[in-house]
Amino acid sequence: AMDKMKKSGEWKDMERVGHTLAYDFEVLGDGTVPDAAISMPALIMAGEKNFDFMHTAADELKENIPGAERKTLKAQTHQAEPEAMAPVLKEFFV
């Protein structure tokens with residue numbers, strides 16, 4: 001997976017924030033979502049062109065957050081365009 005990530009056009013951006021990973025891991029702990037810790041409606045979105053591990057994470061969140069909705073944004077990466085997110089957000093909130 002790392003080889004694929006290093007070849008992506010986003011690798012340089014990831015390297016610039018690499019020093020923050022220690023803080024990310026501190027907040028995420030072991031990465032599991034505590035049972036019933038989230039009790040409000042949740043929308044989990046992932047771009048269709050995201051790395052596989054991001055889809056796996058989104059699926060895991062959907063399974064562990066009661067009542068969560070999971071949407072895939074067609075033709076989008078992790079940095080989805082506002083025009084792709086707006087209709088999904090509108091449907092969720094309205």
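That block above? That's the structure.
Summarised in this report is the structure supplied together with it.

## A look at the pattern of salt bridges
(1) Moving on: Enumeration according to the criterion identifies three salt bridges in this entry.
(2) Moving on: Between aspartate 59 and arginine 70 there is a salt bridge, with its nearest N and O atoms 3.0 Å apart. Of this pair, aspartate 59 sits in helix 4 (residues 52-64) while arginine 70 sits in strand 2 (residues 69-73), and the two are eleven residues apart along the sequence.
(3) Moving on: A relative accessible area of 39% means that aspartate 59 is categorised as partly exposed.

## Side note on the nonpolar core
Considering soluble globular proteins, one finds that nonpolar side chains tend to be buried as a cluster.
(1) Moving on: Core analysis: the biggest nonpolar cluster contains six residues, these being Ala42, Ile44, Ala46, Ala58, Ile65 and Ala68.
(2) Moving on: Ignoring sequence-local partners within four residues, the contact set of isoleucine 44 consists of Ala58, Leu61, Lys62, Ile65, Ala68, Glu69, Arg70 and Lys71.
(3) Moving on: Membership of the second largest hydrophobic core comes to five residues, among which are Leu43, Leu73, Ala80 and Val88.

## Looking at the side chain of arginine 70
(1) Moving on: Side-chain polar atoms of arginine 70 contact the side chain of aspartate 59, separated by 3.0 Å.
(2) Moving on: Ignoring sequence-local partners within four residues, the contact set of arginine 70 consists of Ile44, Ala46, His55, Ala58, Asp59 and Lys62.

## Focus: a nonpolar patch on the surface
(1) Moving on: Residues Leu89, Phe93 and Val94 make up a contiguous nonpolar surface patch of roughly 350 Å² in combined accessible area.
(2) Moving on: Counting through the fold element by element, valine 94 comes out in the segment after helix 5 (82-93).
(3) Moving on: A residue is classified by how much of its surface remains accessible, and valine 94, at 81% relative accessible area, is exposed.

## With respect to the pairing of strand 2
(1) Moving on: Where strand 1 (residues 43-47) meets strand 2, five bridges bridge the pair, whose relative direction is parallel. What sits directly across from leucine 43, in strand 2, is glutamate 69.

## Here we look at the environment of glutamate 81
(1) Moving on: Positionally, glutamate 81 belongs in the loop between strand 2 and helix 5.
(2) Moving on: Along the chain, glutamate 81 and glycine 47 lie 34 residues apart, while their C-alpha atoms are 9.6 Å from each other.

Parameters at a glance
- Residues numbered from 1 in each chain as written.
- Predicted model: local features only at pLDDT ≥ 70, side-chain atom pairs only at ≥ 80, totals over all residues.
- Heavy atoms only, no water.
- Salt bridge = Lys/Arg side-chain N within 4 Å of Asp/Glu carboxyl O.
- Helix = DSSP H or I, 4+ residues; strand = E, 2+ residues; numbered from the N terminus.
- Buried < 20%, exposed > 50% of the residue type's maximum accessible area, 1.4 Å probe, protein only.
- Core = buried A, V, L, I, M, F, W, Y, C linked by side-chain atoms within 4.5 Å.
- Contact = heavy atoms within 4.5 Å.
- Polar contact = N/O pair within 3.5 Å; in protein donor to acceptor, adjacent residues only side chain to side chain.
- Patch = residues over 30% accessible without salt bridge, like charges linked within 9 Å, V, L, I, M, F, W, Y side chains within 5 Å.
- Areas by Shrake-Rupley, 256 points an atom, 1.4 Å probe, with all protein chains shown as cover.
- Pairing = 2+ DSSP bridges.

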